[in-house]
Every structure is written in C-alpha cells, then in structure tokens.
Amino acid sequence: MTNDSLSPLVENSAGQLDDFDWTGADLESVIIEEQRSIAVYRNKFGSIVIRAEDPDEDRCIVLSSDEAVRALIQALKDEMGGHR
C-alpha cells in the first residue's frame, strides 16, 4: 500500500517502490526498529508501574517509592551518557 502524498519520493521511474532491504544493505537507514508500546502510570497502591505490551502477557516493573523512581531515572541518564 502506497501513501499517495509520498509516492513520488519513493517510487522509481516505472511507478514501483524502490527495493529496500530491511535486514541488510539498507539497515543503516533504519532509525527506529519495531517497538512495543510502553505505559507508565500509578496503580491503586500509589506505586509507579512501567508496563510493556506483550501479545501473550504484559510485562511490568513496579516501583514502590519515589526514591526508586529517582534511582531508575538516574540510572537511565547514566546509561545514556549524554547521548540524546
């Protein structure tokens, strides 16, 4: 299926989509790989829940204190190492 507003940008002279190799030669062009949805919310006990969508069963991380949330945020920042 082709989006009409984009088709002139990705179609070749024969009106067909250019070849694209998602796993090989064109891989460096992929900027975001498939990502399942992630939700963040407070549960009825006041804990912060980070929930990842899964077709079989969602995966959850429950942080029971604000201190735990701050520690997670700091660890994520440290892992990013200033790369944004």
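## Re the confidence of the model for the protein chain
Part 1 of the argument: Predicted confidence across the protein chain gives a mean pLDDT of 82, with 79% of residues reaching 70 or more.
Part 2 of the argument: Between residues 1-8, whose pLDDT stays under 50, and residues either more than four places distant or in other chains, the model counts three contacts.

## A look at the sheet that holds strand β2 (residues 48-52)
Part 1 of the argument: If you walk across this open sheet you meet the three strands as β1-β2-β3, and the pairing is antiparallel. Of all the strands in the sheet, the pair left with one neighbour each is β1 (38-42) and β3 (59-63). Averaged over all adjacent pairs, the angle separating strand axes in this sheet is 15°, with direction ignored.
Part 2 of the argument: Strand direction decides the pairing type here: β1 and β2, joined by five bridges, are antiparallel.

## A word on the pairing of β2
Part 1 of the argument: Linking β1 back to β2 in an antiparallel pair, the connection comprises five residues, with Gly-46 at a positive phi of about 90°.
Part 2 of the argument: For β2 and β3, the ladder comprises five bridges, and the chain directions are antiparallel. Directly across from Arg-51, in β3, lies its bridge partner Cys-60.

## Brief notes about the pattern of salt bridges
Part 1 of the argument: Summed over the entire model, instances satisfying the criterion amount to three salt bridges.
Part 2 of the argument: The partner of Arg-36 in a salt bridge is Asp-54, with the nearest N and O atoms 3.5 Å apart. Here the residue Arg-36 occupies a position in the loop between α1 (7-10) and β1, and Asp-54 occupies one in the loop between β2 and β3, the gap between them amounting to 18 residues.
Part 3 of the argument: The class for Arg-36 is partly exposed, based on a relative accessible area of 39%.
Part 4 of the argument: Notably, a salt bridge pairs Asp-58 with Arg-51, separated by 2.8 Å at the nearest N-O pair.
Part 5 of the argument: Using a relative accessible area of 32% as the deciding quantity, one classes Arg-51 as partly exposed.

## Remarks on the side chain of Ser-47
Part 1 of the argument: Take Ser-47: it is sitting in the loop between β1 and β2.
Part 2 of the argument: Taking relative accessible area as the criterion, Ser-47 reaches 9% and is therefore assigned buried.
Part 3 of the argument: Not counting the four nearest positions on each side in its chain, Ser-47 is found in contact with Tyr-41, Arg-42, Val-62, Leu-63 and Ser-64.

## Description of helix α2 (residues 66-80)
Part 1 of the argument: Compared with an ideal rise of 1.5 Å per residue, which puts 15 residues at 21 Å, α2 spans 21 Å between its outermost C-alpha atoms and is within 8% of the ideal.
Part 2 of the argument: Downstream of α2 by a residue or two, Gly-81 has a phi angle that is positive, lying close to 55°.

The rules behind each value
Residues numbered from 1 in each chain as written. Predicted model: local features only at pLDDT ≥ 70, side-chain atom pairs only at ≥ 80, totals over all residues. Heavy atoms only, no water. pLDDT = per-residue confidence, 0-100. Contact = heavy atoms within 4.5 Å. Pairing = 2+ DSSP bridges. Helix = DSSP H or I, 4+ residues; strand = E, 2+ residues; numbered from the N terminus. Axes fitted to C-alpha atoms, helices over the stretch in contact; angles between N-to-C directions. Salt bridge = Lys/Arg side-chain N within 4 Å of Asp/Glu carboxyl O. Buried < 20%, exposed > 50% of the residue type's maximum accessible area, 1.4 Å probe, protein only. Expected span 1.5 Å × (residues − 1).

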